[in-house]
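# Reading the structure
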Protein chains: 2
Amino acid sequence: MSDFDPDAAPGYPGEGKEDADELRLALEPELSDLQERLYANGRTDPENAPNLLVILQGMDTSGKGGVIRHAIGLVDPQGVKLKAFKAPTKEERSHDYLWRIRNALPERGMIGIFDRSQYEDVLVVRVDSLVPETEWSKRYDEINAFEAELAAAGTTILKCMLNVSFEEQKNRLAERLDDPSKYWKYNPGDLDSRSKWPAYMEAYEAVLQRCSTEVAPWHVIPSNRKWYRDWAVAELLREKLAGLQLQWPEAEFDVAAEKERVARA
Amino acid sequence: MSDFDPDAAPGYPGEGKEDADELRLALEPELSDLQERLYANGRTDPENAPNLLVILQGMDTSGKGGVIRHAIGLVDPQGVKLKAFKAPTKEERSHDYLWRIRNALPERGMIGIFDRSQYEDVLVVRVDSLVPETEWSKRYDEINAFEAELAAAGTTILKCMLNVSFEEQKNRLAERLDDPSKYWKYNPGDLDSRSKWPAYMEAYEAVLQRCSTEVAPWHVIPSNRKWYRDWAVAELLREKLAGLQLQWPEAEFDVAAEKERVARA
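Here the structure is a predicted model, which means the values were calculated and not measured. (Residues numbered from 1 in each chain as written. Chains lettered and ligands numbered in written order. Predicted model: local features only at pLDDT ≥ 70, side-chain atom pairs only at ≥ 80, totals over all residues. Heavy atoms only, no water.)

## Quick look at the interface of chain B and chain A
In many reports, interface size means the accessible area that the parts give up when they come together. Our working definition: Here, residues are in contact when the closest pair of their heavy atoms is within 4.5 Å. Buried area: the accessible area, evaluated with a 1.4 Å probe, that two parts lose upon being put together, summed over both parts. Within this document, salt bridges are pairs made up of a side-chain nitrogen of Lys or Arg and a carboxyl oxygen of Asp or Glu, the two lying within 4 Å of each other. Polar contacts, as used here, are pairs of N or O atoms within 3.5 Å; protein pairs need one atom able to donate a hydrogen and one able to accept it. Residues neighboring in sequence count only if both atoms are side-chain atoms. Under the DSSP-based scheme used, a helix requires at least four consecutive residues in state H or I and a strand at least two consecutive residues in state E, with every element numbered from the N terminus. We call Asp, Glu, Lys and Arg charged. Ala, Val, Leu, Ile, Met, Phe, Trp, Tyr, Cys and Pro are nonpolar, and the rest, Gly among them, are polar.
Between chain B and chain A, the residue contacts involve 43 residues of the former and 44 residues of the latter. The junction of chain B with chain A conceals about 4000 Å² of combined surface from both sides, 64% of it contributed by carbon and sulfur atoms. Considering only the surface of chain B that becomes buried against chain A, R69, W184 and V262 of chain B emerge as the three largest contributors, covering 19% of it. There are 10 salt bridges connecting chain B and chain A. A salt bridge links K185 of chain A to E36 of chain B; its shortest N-O distance comes to 3.7 Å. The interface formed by chain B and chain A contains 16 residue pairs in polar contact (both at pLDDT 80 or more). For the side of chain B that touches chain A, the secondary structure elements donating two or more residues are α2 (28–44), α3 (64–70), α8 (166–178), α9 (190–195) and α12 (255–264) of chain B. Top element by residues in the side of chain B that touches chain A is α2 of chain B. It accounts for seven residues. Its residues placed into classes, the side of chain B that touches chain A shows 22 nonpolar, seven polar and 14 charged.

## Section: the sheet that holds strand β5 (residues 218–222) of chain B
Residues and elements named next belong to chain B. What counts, and what does not: What makes two strands pair is DSSP finding at least two bridges between them. As a rule, the C-alpha atoms of each element are fitted with a line to give its axis, helices using only the stretch in contact, and angles between N-to-C directions run from 0 to 180 degrees.
Spatial ordering of the open sheet is given by β2-β3-β1-β4-β5, a layout of five strands whose pairing is parallel. For this open sheet the edge positions go to β2 (80–84) and β5, each flanked by a neighbour on one side alone. Sheet twist, expressed as the average angle between the axes of neighbouring strands with direction ignored, equals 20°. Alignment of strand β4 (residues 155–163) against β5, held across five bridges, turns out to be parallel. What sits directly across from L162, in β5, is I221.

Okay, here's the thing in structure tokens:
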């Protein structure tokens, strides 16, 4: 993880914070158009249209929620299926760890957003030894196979690791305690994860090394600067959607005949 | 229905179409703040926090999707639970008509959006005689009782009937046939519903007369002008959320002690 600079801003086309809102919002028309094409294809060809799955991972305060609000929030909510994965419920624990993940996959034509994901099963599960190493160590290959299956079935996968520094996390936790409108975001338990920072970084490194595949590479998003983080995810979303090169679906009816019917109706 | 002018713009504070985007977007900061307060209360008090249910009804082309995109789209998608009701599935038909409605209700702290709703069971069902009159005629009281129960449990209900004229519907259907990027929105079956316009208006009148209760009144939104419709629903959403007078949740931990913990962490 030390190879990645959380303060960087690669690819950013502007000056800095001062033009970041403008540059991010400037993506909205194209994002809207691309998302509507995807949705339209899902509606007219629900068994074959592509879809998109965005996976967001990161340490507490890295801004998964901020990205959903400011980047994903640029597209029509009707085309977005959000799923936040918490600690597994009793029912979820009685199934294989990928069961709840499969259940939450987006339909064709939709953009699915995973706030946390199957990667928790090799992150917190590894760090806290929630299952034996013999078990979690097999999961990297299983996750790769799972994602390969999704990709083969037409799902584009965009995996973003929001990379915030140890120092910046401390600032953000302190901010939550300085502002009564942010108390609800503060959880005393967050300091327990923070105390295991090196073990988490090791677990993230394993994820990046073992699960960056050709069909589903990881993108490490420098996230110490929120304005860069939000712009970068919006831009990646635009690139992935544009890469689908989606056309508007053709009419499944006789356009001229329907025009006449409408004229008479 | 003839008492309601679909071209009107009651309460609109601007000049017209030219300032409508600006006025609608100007609601975003307050809407965001109010929605986040609601969400925060849901997170800290999931058994008692209020929630909001927005019910959208209207004839084809009236703009339920447009309202979701342009009005509901102003708030954080993490706080919104969307549900579009289609023709009931086989499983849904094997239950009481309110079963699927209850299943889709928003959690506390959330804004639920129903794109169509239980009212289809006294609209299309009545117009097309999908169940006998002895059955649908009982549903007005049942729906009132259902909504009263929700309101008593803390749900604020905002019911919007998007009122488009017979002439404007024709224009919008024709537009869909003039623009290949809108073909996917056109369904030849829409003309069948259009041919039953008077029966639908009668059914809507019955809904407005019998199901406008004190806890869940109907709002008829003039919808011939999309810019007014979208602003009006956003403004109603703002009013309903503001009416909850939500405070930020108090800290459930010792703030001073946690500040010290963070400083040392």
